[in-house]
Amino acid sequence: MYTEAKELNGKSTVMDENRQKILLVDDEPDILEFIRYNLEKEEYEVKTASNGRDALQIAKSFHPDLIILDVMMPEMDGIETCHELRKMEDIGNTLITFLTARNEDYTLIAGLESGADDYITKPIKPRVLVSRVKALLRRRSLIAAHPNEIKAGPITIDLQKYLVSLDGQPMELPKKEFDLLFLLASAPGKVFKREEILSSVWGNDVIVGERTIDVHIRKLREKLGEHLIRTVKGVGYKFEF
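Residues numbered from 1 in each chain as written. Predicted model: local features only at pLDDT ≥ 70, side-chain atom pairs only at ≥ 80, totals over all residues. Heavy atoms only, no water.

A count of helices and strands for the protein gives 8 helices and 14 strands. Across the protein, contacts joining residues at least 24 apart in sequence account for 54% of those joining residues at least 6 apart. Of the roughly 12900 Å² that the protein leaves accessible, carbon and sulfur atoms contribute 49%. (Helix = DSSP H or I, 4+ residues; strand = E, 2+ residues; numbered from the N terminus. Contact = heavy atoms within 4.5 Å. Areas by Shrake-Rupley, 256 points an atom, 1.4 Å probe, with all protein chains shown as cover.)

Attention shifts here to the packing of aromatic side chains. Enumeration according to the criterion identifies 1 aromatic pair in this entry. Sitting above the plane of the Phe 62 ring, Lys 21 keeps its charged end 5.1 Å from the centroid. (Phe/Tyr/Trp six-rings, centres within 6.5 Å; stacked < 30°, edge-to-face > 60°. Lys NZ or Arg CZ within 6 Å of the ring centre and 35° of its normal.)

Strands in a sheet are paired, the pairing made by backbone hydrogen bonds, and the direction either parallel or antiparallel. If you trace the 4 strands from one edge of the open sheet to the other, you get β8-β9-β10-β11, paired in antiparallel fashion. Lying at the two open borders of the sheet, with one neighbouring strand each, are β8 (149–152) and β11 (169–171). Neighbour to neighbour, the strand axes of the sheet diverge by 20° on average, direction disregarded. Sitting on the sheet, helix α6 (residues 175–185) touches β8, β9 (155–158) and β10 (163–166), and the angle it makes with β9 is about 115°. Against the sheet, helix α8 (residues 212–224) makes contact with β9, β10 and β11, and its axis sits at roughly 50° relative to β10, the strand it touches most. (Pairing = 2+ DSSP bridges. Axes fitted to C-alpha atoms, helices over the stretch in contact; angles between N-to-C directions.)

The next subject is unusual backbone geometry. At Glu 43, a residue that is not glycine, the phi angle is positive and equals roughly 70°. Not every positive phi belongs to a glycine, and Glu 75 is a case in point at roughly 70°. Following the sequence through the fold, Glu 75 ends up in the loop between β5 (66–70) and α3 (78–86).

As a further point, take the packing of α6 against α8. Direction vectors running N to C along α6 and α8 enclose 80°, while the axes themselves pass 10 Å from each other. Considering the angle they form, α6 stands roughly perpendicular to α8. Between α6 and α8, the residues in contact are Lys 176, Glu 177, Leu 180, Leu 181 and Leu 184 and His 216, Ile 217, Lys 219, Leu 220, Lys 223 and Leu 224, respectively. Here the contact of α6 with α8 is built from residues that sort into 6 nonpolar, 1 polar and 4 charged. (Parallel < 35°, antiparallel > 145°, perpendicular 65-115°, else oblique. Nonpolar A, V, L, I, M, F, W, Y, C, P; charged D, E, K, R; others polar.)

Moving on: the sheet that holds strand β12 (residues 192–193). Taken together, 3 strands build an open sheet; the order of strands is β12-β14-β13 and the sheet is antiparallel. The open sheet is flanked by β12 and β13 (229–232), the only strands paired with a single partner. Judged from the 2 bridges that link them, β12 and strand β14 (residues 236–239) form a sheet pairing that is antiparallel. Bridge pairing in β14 places Phe 192 opposite Tyr 237. Where α8 meets the sheet, its contacts fall on β13 and β14, and the angle it forms with β13 comes to roughly 150°.

So, on to the pairing of β13. Alignment of β13 against β14, held across 4 bridges, turns out to be antiparallel. Within β14, the position partnered with Val 232 by the bridge is Gly 236. Here β13 folds back onto β14 in antiparallel fashion, the turn holding 3 residues, of which Gly 234 has a positive phi close to 80°.

Where β8 meets β9, 4 bridges bridge the pair, whose relative direction is antiparallel. Following the sheet pairing, Lys 151 is matched in β9 by Thr 156. Turn length for the β8-β9 hairpin, with the two strands adjacent in sequence and antiparallel, is 2 residues, and the turn residue Gly 153 shows positive phi of about 60°. Taken together, the 4 bridges between β9 and β10 define a ladder with antiparallel strand orientation. Each residue of the ladder has a partner; that of Asp 158, found in β10, is Leu 163.

A residue-level look at the protein finds 80% of positions with pLDDT of 70 or above and a mean pLDDT of 82. By mean pLDDT, strand β1 (residues 2–8) is the weakest element of the protein at 40, and strand β4 (residues 45–49) is the strongest at 97. Every residue in residues 1–15 scores below 50 in pLDDT, and together they form 28 contacts with partners more than four places removed in sequence or on other chains. (pLDDT = per-residue confidence, 0-100.)

Put into structure tokens, the structure is as follows:
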């Protein structure tokens, strides 16, 4: 279903009511306006809040697909807000990413432990911001299709605990290895092109070497066995069992 949207770049556009929704939370008006403008150009539906308490109220009725949450805010900081968001039943499958300044690295562990899925470092360029958001929302689509866990042959991937089990034996993987395995195992037999893997796992927001994917595949094979991930020469990789 489509409705008439507000003017964007001087033109009235018709928007899909089912477009993806983003809640943006930051106490700096300039940052709110900058990020909102760039996300609305991509036709996302965006609501904003300038503090954590307002964000909690908006989230209840807005049901966002993604929440972009500043860490340092007065009254209720981002980490406390994230804790409260994760207690809300309707926010269970919503992705939360923090906005952090470069000198706030010490907060990242606490932020991820509070229930956040990722973080974006400020200052951020518009192209990088949009790329990260698209990658996060693709990940949400996969999670929605597999809300609790993926079982593929001898592999079980627990999306809640961020753990992988091989033949019932649990193991912890570094984040990029986990995300790469999750992507491949979400569609056994499908050949994922290298460009698709880079976009989904790395988000095209960092410069990585040509062999980055190959190195991560090699590490996964060392831990899981050689037979589960196949190379399709000149194309990419697929998971099969």
